[in-house]
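A look at the structure
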Amino acid sequence: MACINAKKTCWNCPAAKFKGNVDFTACGQSRNIEAENAQIMIECRRRPGLGHFEPTITFEDCPEWEEGDYGYMLKNMKVMILGIDGYLGWALALKLGKLGCKVSGVDNYWRRDCVAEKGSHTVVPIERMTDRLHAAREVHGIDINFRRIDVMDRDKLREFMDEVKPEAIVHYAECPSAPYSMVDAKHAIKVQENNVLGTLGVLFIMKDIAPEASLIKLGTMGEYGAPLTGRPLFEGIFPSDAALEWKGRKWSLGGELTPRDPVSFYHCSKVQDTFNVYEACKYWWLRSYDIMQGVIYGVHTDEIATDPRLKTRFDMDEWFGTVVNRFVAQAVLGMPLTIYGRGEQIRAFIALDDAMQCMVRLIFSPPEPGQYDVVNQVSGLFKVSDIAEAVARVGKEKFGLEIKIQRIENPRVESEKHPLEVVSKKLPNEFGFEQGVTLEKEVERMFEVLLQPEVKKRLEEKKHTIMPKTRWSGMKKESGTLEVYEPGSKEKEGFEGVLRRGA
Ligand code: USQ
């Protein structure tokens, strides 16, 4: 699998600057150029001495690309991470730095502020950015070029991008919390402003400063919702053989964006981003992978595990804790695990370490100019009640914890029983992704970290931020308990998720 991108060419390479007599803006997404004598020529930014040539050199033949564990990689590739201080951003910065990329990044520390607004903190302690940067240099020899910038400050972002001239841009600088976006009008508007308008600004800056860079944009599986019909969740765009049949007539749906049915104002912001990124690729020949990522969980990557100063954050409060992380935190605190409603909701999941592997692979296999593509970044589908069972099982078997499960009134408006079929073929088949960690393995690692005395103390200090008080209805009231039960005492009910990974 190592050479999965060997046959890609300069056409995909962000170092290739387009020349020639082609009006890209007029071509739409078509590569068929009708203009007389039109020919796509490029100039290599890294080797301008080569002059103009056709974009046909493969990664395996180009001396600027070298083979590594994730396929061919552009030497010292310049990757800019927007939102580098976050749960994912920091882990990715270290991984890319370790692989030899020149990493730069921006952050305005909004995530730290939002968690503080909730009255909580990251239970795994993290350093201030200056100390993180210092530790990254000392431990891994990585120099990260960091600037404190809000993505909404387009002038500063433009200036920094112009200085760095990134070859790939990872966009993590969005508020990731559904509950935060449902608190009230102020919070909903702030989330949509930052996420939607921030991304729109990034697109305009890229058009002017870094049109050949690939944009790796974080979307969410929650854009699709969970259709009650069980219709498969394709990777953002209908496959060529999908069709719509109606009143005896039939049309192809191939190539069209699939329906979206977001489940919070936060998820709506991601849907709007999808359209904005899609359009920018069409209008300006930008290129992007839009990642529909499942619910993330975990604490581990090799790089963050090396030194306590390199840890990434871990939230468990009702706004920023995701379900698996919250369940492990609750188990450590001796609280019954909080299932919202029936617990038959099925979601797509991926561990932090696997998500980072996917990101690296996507960064090293850039899309073509004008290409907007979607990947479903998922490694397993689980029912919320099954996750509670798995956490309780690992907690008991490996750490001797007696854990109970509680069903509480669902603070959200969501279907609590539904089928779910997810297609996630591109990452394993086109990018070489191989799942490295199971849910149980990562849950075990999480227990190991959260049971450390310092971390457990930080958990106990913020225990009061766990129970959900933010309801989709707008009511501010803690959810009442519906039932408390012993793990393993329930019959299996409802649907099972179907994950389609085959070619
Ligand atoms: N849930 C519980 N108990 C809890 C917390 C959550 O039963 O204590 C349930 C929720 O009702 C929901 C599911 O677990 O059905 C997932 O909730 P979550 O809070 O873990 O995840 P969600 O709000 O969907 O959002 C998270 C990330 C978001 C990302 C999304 C991927 O915060 O950034 O976009 O996962 S996805 O869910 O596929 O949309």
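As a convention, each chain's residues are numbered from 1 in the sequence order in which they are written. For a predicted model such as this one, the threshold for reporting local features is a pLDDT of at least 70, and the threshold for listing and counting side-chain atom pairs is 80 or more; totals across whole chains, interfaces and linings nevertheless cover every residue. Only hydrogens and water are set aside; all other atoms, that is, all heavy atoms of the structure, feed into the side-chain values.

Quick look at the overall build of the protein chain now. Labels follow the DSSP assignment, with helices taken as runs of H or I lasting at least four residues and strands as runs of E lasting at least two, numbered in each case from the N terminus. Helix and strand content of the protein chain: 13 helices and 22 strands. Computed over its C-alpha atoms, the radius of gyration of the protein chain comes to 23 Å, within 12% of the 23 Å expected for a compact globule of 503 residues. Overall, the C-alpha framework of the protein chain stretches about 75 × 70 × 45 Å when taken along its three principal axes. Out of the 503 residues belonging to the protein chain, those deemed buried represent 58%. Taken over C-alpha atoms, the radius of gyration is set against a globule rule of 2.2 Å times the number of residues to the power 0.38. A simple rule labels every residue: compare its accessible area, found with a 1.4 Å probe on the protein chains alone, to the largest value its type can have, and call it buried under 20%, exposed over 50%, or partly exposed in between.

Quick look at the nonpolar core now. Here the nonpolar core consists of buried residues drawn from Ala, Val, Leu, Ile, Met, Phe, Trp, Tyr and Cys, with membership extended through side-chain atoms lying within 4.5 Å. Membership of the largest hydrophobic core comes to 65 residues, with the highest contact counts inside it found for Leu-92 and Ile-363. Here this core takes 9 residues from helix α9 (residues 352-364), the largest share from any one element. Counting residues in hydrophobic clusters, the runner-up holds 42 residues, among them Ala-329, Phe-349, Ala-351 and Val-437.

Let us now look at the site of the ligand. The rule for a residue being near a molecule or strand is that one of its heavy atoms must lie within 4 Å of it. Neighbouring the ligand are 22 residues, the closest being Pro-176, Thr-220, Tyr-266, Thr-338 and Glu-414. Throughout this description, a polar contact denotes any pair of N or O atoms lying within 3.5 Å of each other; where both atoms belong to protein, one of them has to be capable of donating a hydrogen while the other can accept it, and for residues adjacent in sequence the pair is counted only when both atoms sit in side chains. Between an oxygen atom of the ligand and a side-chain N or O atom of Thr-220, the distance comes to 2.7 Å. Measuring from an oxygen atom of the ligand, one finds a backbone N or O atom of Tyr-340 at 2.9 Å. Of all elements in the fold, only α7 (265-284), α8 (323-333) and β15 (337-340) reach the threshold of two or more residues within the shell around the ligand. Among the residues forming the shell around the ligand, the class breakdown is 10 nonpolar, 8 polar and 4 charged. Three classes are used: nonpolar for Ala, Val, Leu, Ile, Met, Phe, Trp, Tyr, Cys and Pro, charged for Asp, Glu, Lys and Arg, and polar for all others, with Gly counted as polar.

Aromatic pairing here means that ring centres of Phe, Tyr or Trp (its six-membered ring) are within 6.5 Å. Orientation follows from the plane angle: under 30 degrees is stacked, over 60 is edge-to-face, and everything else is tilted. Applying the stated criterion across every chain, the model contains 15 aromatic pairs. Taking the centre distance of 5.7 Å and the plane angle of 50° together, the rings of Tyr-180 and Phe-320 count as tilted. In this pair, Tyr-180 is assigned in helix α5 (residues 178-181) and Phe-320 in the loop between β14 (295-297) and α8, connecting sequence segments 140 residues apart. Taken together, a centroid distance of 5.3 Å and an interplanar angle of 75° make the contact between Tyr-278 and Tyr-372 edge-to-face. With Tyr-278 in helix α7 and Tyr-372 in strand β17 (residues 372-377), the pair connects residues that are 94 residues apart, well separated along the chain. Of the two residues, Tyr-278 and Tyr-372, neither departs from the other in class, the shared state being buried. Taken together, the ring pairs in this structure connect Trp-110, Tyr-180, Trp-319 and Phe-320 into an aromatic cluster. For a lysine, the NZ atom is tested; for an arginine, the CZ atom; a charge sits over a ring if that atom is within 6 Å of the ring centre and within 35 degrees of the ring normal. Of note, Lys-190 hangs over the ring of Trp-110, and the distance from its end group to the ring centre comes to 4.8 Å. The ring centre of Trp-284 lies 5.5 Å from the NZ or CZ of Lys-207, which sits over that ring.

Here a patch means residues that are over 30% exposed by relative accessible area and free of salt bridges, tied together within 9 Å if like-charged and within 5 Å if nonpolar (Val, Leu, Ile, Met, Phe, Trp, Tyr). Only the protein chains shown count as cover for residues, and all accessible areas are computed by the Shrake-Rupley method using a 1.4 Å probe. Should a side-chain nitrogen of Lys or Arg be within 4 Å of a carboxyl oxygen of Asp or Glu, the pair is scored as a salt bridge. On the surface, a nonpolar cluster with roughly 310 Å² of combined accessible area is contributed by Met-152, Leu-197, Leu-200 and Phe-204. Structurally, Phe-204 is set in helix α6 (residues 185-209).

Another aspect to go through is the sheet that holds β15. Strands belonging to one sheet form pairs held by backbone hydrogen bonds; the direction of such a pair is parallel or antiparallel. Strand pairing requires that DSSP identify at least two bridges connecting the strands. Here 3 strands make up an open sheet; going across it, the order is β15-β19-β21 and the pairing mixed. Of all strands in the sheet, those bounded by a partner on one side alone are β15 and β21 (481-485). Neighbouring strand axes in the sheet, compared pairwise and without regard to direction, differ in orientation by 25° on average. For strand β19 (residues 405-408) and β21, the ladder comprises 4 bridges, and the chain directions are antiparallel. Its bridge partner being in β21, Arg-407 is matched across the sheet by Glu-483. Simply put, an axis is a line fit to the C-alpha atoms, just over the touching stretch for a helix, and the angle between two N-to-C directions goes from 0 to 180 degrees.

With that settled, consider the confidence of the model for the protein chain. Where the model shows low pLDDT, its predicted coordinates should not be examined in detail. Confidence scores labelled pLDDT are given residue by residue by the predictor and lie between 0 and 100. Looking at the protein chain, the pLDDT average stands at 95 and 96% of residues meet or exceed 70. Whether two residues touch is decided by their heavy atoms; if any such pair falls within 4.5 Å, the residues are in contact. Low pLDDT (under 50) marks residues 28-33, which in the prediction has 14 contacts with non-local residues, meaning those over four places away or in another chain.

This part covers the side chain of Thr-338. By secondary structure assignment, the location of Thr-338 is in strand β15. Reaching out from Thr-338, the side chain makes a polar contact with the side chain of Gln-330 at a distance of 2.9 Å. Setting aside its immediate chain neighbours within four residues, Thr-338 contacts Arg-326, Phe-327, Gln-330, Gln-406, Ile-408 and Met-467.

Taken as a whole, this structure holds 41 salt bridges when the rule is applied. Note that Lys-165 is salt-bridged to Asp-162, the shortest N-O span being 3.1 Å. Since its relative accessible area comes to 40%, Lys-165 is described here as partly exposed. In this structure Asp-162 comes out as partly exposed when scored by relative accessible area, which is 37%. Across the salt bridge formed by Glu-478 and Lys-469, the nearest N and O atoms sit 3.9 Å from each other. You can call Glu-478 partly exposed: its relative accessible area is 40%. Assessed through its relative accessible area of 33%, Lys-469 is described here as partly exposed. Within this structure, Arg-46, Arg-47, Glu-64 and Glu-167 form a network of salt bridges that share partners.

Estimated volume of the second largest pocket: approximately 350 Å³. Lining the second largest pocket we find 15 residues, and of these Glu-344, Ser-385, Tyr-485, Lys-490 and Glu-491 sit closest to its centre. Contributing elements (two or more residues each) for the lining of the second largest pocket: α10 (384-399) and β21. The residue makeup of the lining of the second largest pocket, split by class, is 1 nonpolar, 2 polar and 12 charged. Cavity and pocket criteria rest on a 1 Å grid covering protein atoms alone: a 1.4 Å probe that fits but cannot get out defines a cavity, protein on both sides within 12 Å along at least 5 of 7 lines defines an open pocket, and an atom within 4 Å of a point defines a lining residue. Grid points are joined across faces, edges and corners, and a volume is the space filled by probe spheres set on the points.

The next point concerns the sheet that holds strand β10 (residues 214-220). Across the sheet, which stays open at both edges, the 7 strands sit in the order β8-β7-β6-β9-β10-β13-β17 with parallel pairing between neighbours. With partners counted over all chains shown, the strands left at the sheet margins are β8 (145-148) and β17, one partner each. Ignoring which end each strand starts from, the neighbouring axes of this sheet average 20° apart. Across 4 bridges, strand β9 (residues 168-171) lies against β10 in parallel orientation. Residue Val-170 lies in a different strand from β10, and its bridge partner there is Ile-216. Each of β6 (78-82), β7 (102-107), β9, β10 and β13 (287-293) is contacted by helix α1 (residues 87-98), which is oriented at about 170° to β6, the strand it contacts most. Along the sheet face, α6 touches β6, β9 and β10 and points at about 170° away from the line of β10.

Comment: phi is negative for the bulk of residues other than glycine, and the bulk of peptide bonds are trans. For Asn-76, which is not glycine, the phi dihedral falls at a positive 50°. Residue placement: Asn-76 occurs in the loop between β5 (71-74) and β6. Of note, Trp-285 is a non-glycine position whose phi angle comes to about 60°, a positive value. Tracing the backbone shows Trp-285 in the loop between α7 and β13.

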